[in-house]
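Structural description and commentary
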Amino acid sequence: MAIILTIVVTLVFPALVPAQTPQITLSLGDVDEGLGPAIQIVILLTILTLLPSVLIMMTSFTRLIIVFSLLRQALGVQHAPPNQVLIGMALFLTMFIMHPTFSKVNTLAIEPYRDGTIGVEEALTRSSEPLKEFMLNNVREKELILFSKLSGKEYGSKEELPFHVVVPAFVISELKTAFQIGFLIYLPFLVIDMVIASVLMSMGMMMLPPVMISLPFKLLLFVLVDGWYLLVGSLVEGFN
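From a predicted model like this one, the values you see are computed outputs, not experimental measurements.

A few points about the packing of aromatic side chains
- One pass over the structure, following the stated rule, counts five aromatic pairs.
- Consider the rings of F222 and W228, whose centres lie 5.5 Å apart with planes at 85 degrees: the pair is edge-to-face.
- Residue W228 is classed as partly exposed on the basis of its relative accessible area of 32%.
- Following the ring pairs from residue to residue traces out a cluster consisting of F68, F189, F222 and W228.
- Between the NZ or CZ atom of R63 and the centre of the ring of F239, over which it lies, the distance is 4.0 Å.

Here is the structure:
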């Protein structure tokens, strides 16, 4: 308000303004190099906002949810199990698979930061190392070579690869593995669909949808071989 009044007085009554206006200089004192509580809260909220992307892109969640979705489509049931159940299964299996990695993050980064022995930047650097190690253990060499070439830099070993190269390579590798598993899941159910369709056609029942007849047989096959046990066991062992 004082600045606005000064400007108005200067424009309306220029004679009242002295010839030499005193200069006001604003200076800040020494600023603490450490981050204040407000900035720490902003950083924490930003991390919480990016947490879903981290969970999807840097963990086993991508492979699990794609395999479960393809299994539901192969069975021919569109809403059983529902999306909430599939996402919940994928989340809890992701927590189970990633438990050793999350334990390393807690030991190396979270606990020292909570004790005040390290700063935010050091905590972020330490927390990224176990995630990077997990991704490098489950990524394909072909994808790493591709994104290292696209980055335009040469790296001597996998450990020297930066995060922006490892993450997309890991995502592409997980997508490829998930679709390969989905293809293997589809084969036995596809055979059942073809057999049922051939039988119905030979009997002249062309108007009867083969899906209605093949669905009980596919569910029976999946239950008899204990499909959930085999599928979940192979997925978890694939990461170990």
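Here we look at unusual backbone geometry
- With a phi close to 55 degrees, D226 is a non-glycine residue in the positive phi region.
- Looking at D226, the relative accessible area reads 43%, which means it is partly exposed.

A closer look at the environment of R72
- Its place among the elements puts R72 in helix α3 (residues 61–75).
- Exposure remark for R72: the relative accessible area of 12% places this residue in the buried category.
- The spatial distance from the C-alpha of R72 to the C-alpha of Y186 is 9.9 Å, given a sequence separation of 114 residues.
- Discounting residues that sit within four places of it in the chain, R72 has contacts with V77, Q78, A80, P81, P82, N83 and L86.
- Separated by 2.9 Å, the side chain of R72 and the backbone oxygen of P81 make a polar contact.
- Here the side chain of R72 touches N83 through a polar contact of 2.8 Å, side chain to side chain.

Some thoughts on the side chain of T62
- In this fold, T62 is placed in helix α3.
- T62 gets classed as buried once you look at its relative accessible area, which sits at 11%.
- Polar contacts involving the side chain of T62 include one to the main-chain carbonyl oxygen of I56, which spans 2.5 Å.
- Those residues in contact with T62 that sit more than four places away from it in its chain are I56 and L175.

Quick notes on the rules
Residues numbered from 1 in each chain as written. Predicted model: local features only at pLDDT ≥ 70, side-chain atom pairs only at ≥ 80, totals over all residues. Heavy atoms only, no water. Phe/Tyr/Trp six-rings, centres within 6.5 Å; stacked < 30°, edge-to-face > 60°. Buried < 20%, exposed > 50% of the residue type's maximum accessible area, 1.4 Å probe, protein only. Lys NZ or Arg CZ within 6 Å of the ring centre and 35° of its normal. Helix = DSSP H or I, 4+ residues; strand = E, 2+ residues; numbered from the N terminus. Contact = heavy atoms within 4.5 Å. Polar contact = N/O pair within 3.5 Å; in protein donor to acceptor, adjacent residues only side chain to side chain.

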